[in-house]
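# Analysis of the macromolecular model
Read off the chains here:
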Amino acid sequence: MGAGALSMDTGDAYKHGVTRDNVASTAQAYVAGKTEGKATMNGANDAKQRWGGADICPRCHTVVYMAEKIMGAGKAWHKSCFTCTTCSKKLDPGSITERNEEIYCNGCYGRQFGPRGVGFGMGAGVLNTGQ
C-alpha cells in the first residue's frame, strides 16, 4: 500500500489503553505528576528559575537582557534603573556607592551616611571666621 491508501484499522486494540507487555521495564518512561503553582523569587517573575540564565534587576525585579545590562554593586541592572536612589542621577559603574542593596551617587551617599558635625559636609560658606 502506498502512503495515500486508507487504513482499515478501527483502533479496537487501544480501547482499554496502550499495553506495555512487549516493552522491557528498563525502556518504559516515567511520567512525573503535575505540580500545582510555581515558585517565584521575592514576588518577581520566575524567569531565572525556569530558564536558568537570566539576571533579575534589583530595582524593578524584571529580567535583564544582555543588550541593556550594566553590572554594578555585584548585580545586573537595566540601564534605566542604574540611577541614584536619592536624586535619580544616572550612574556609571565606577561612580557608585552601595548601602543596604541600594546604589547612590558619591554626593548623596556622603550627605546621607557621611560624618556629621562642624566641618564635615557643610562647606566653606558656613564657617564663621569673625570674632
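Residues numbered from 1 in each chain as written. Predicted model: local features only at pLDDT ≥ 70, side-chain atom pairs only at ≥ 80, totals over all residues. Heavy atoms only, no water.

Looking only at helices and strands, the chain has 2 helices and 6 strands in total. The burial tally for the chain puts 19% of its 131 residues in the buried class. Contacts spanning at least 24 positions in sequence make up 10% of the contacts within the chain whose residues lie at least 6 apart. Roughly 10500 Å² of accessible area belongs to the chain as shown, and the carbon and sulfur atoms make up 54% of that amount. (Helix = DSSP H or I, 4+ residues; strand = E, 2+ residues; numbered from the N terminus. Buried < 20%, exposed > 50% of the residue type's maximum accessible area, 1.4 Å probe, protein only. Contact = heavy atoms within 4.5 Å. Areas by Shrake-Rupley, 256 points an atom, 1.4 Å probe, with all protein chains shown as cover.)

Confidence along the chain averages 74 in pLDDT terms, with 56% of residues attaining 70 or more. The lowest-confidence element of the chain is helix α1 (residues 47-51), averaging 49 in pLDDT; the highest-confidence one is strand β2 (residues 63-64), averaging 92. For residues 38-48, every residue scores under 50 in pLDDT, and the model assigns this stretch 20 contacts once sequence neighbours within four places are set aside. (pLDDT = per-residue confidence, 0-100.)

Another aspect to go through is the side chain of Thr-97. For Thr-97, the position within the fold is in strand β5 (residues 96-99). A polar contact is formed between the side chain of Thr-97 and the side chain of Asn-106, at a distance of 2.7 Å. What Thr-97 contacts, discounting residues up to four positions off in sequence, is Glu-102, Ile-103, Tyr-104, Asn-106 and Tyr-109. (Polar contact = N/O pair within 3.5 Å; in protein donor to acceptor, adjacent residues only side chain to side chain.)

What follows is about the environment of Ser-80. If you trace the backbone, Ser-80 turns up in the loop between β4 (75-78) and β5. On the basis of relative accessible area, Ser-80 is assigned to the exposed category, the value being 54%. Spatially, the C-alpha atoms of Ser-80 and Ile-70 are 9.6 Å apart, while their sequence positions differ by 10 residues.

Membership of the largest hydrophobic core comes to 14 residues, with the highest contact counts inside it found for Phe-82, Cys-84, Leu-91 and Ile-103. Broken down by secondary-structure element, the contributors of at least two residues to this core are β4 and β6 (102-105). It is β6 that provides the largest number of residues to this core, a total of 3 residues. Excluding residues within four positions of it along the chain, Cys-84 makes contact with Lys-89, Leu-91, Ile-103, Tyr-104, Cys-105 and Cys-108. (Core = buried A, V, L, I, M, F, W, Y, C linked by side-chain atoms within 4.5 Å.)

A word on the pairing of strand β3 (residues 69-72). Only one face of β3 is covered, namely the face carrying Ile-70 and Gly-72; the face carrying Lys-69 and Met-71 is uncovered. Two strands pair when backbone bridges link them, and β3 and β4 are joined in this way by 4 bridges, in the antiparallel orientation. Looking across to β4, one finds that Lys-69 is bridged to His-78. (Pairing = 2+ DSSP bridges.)

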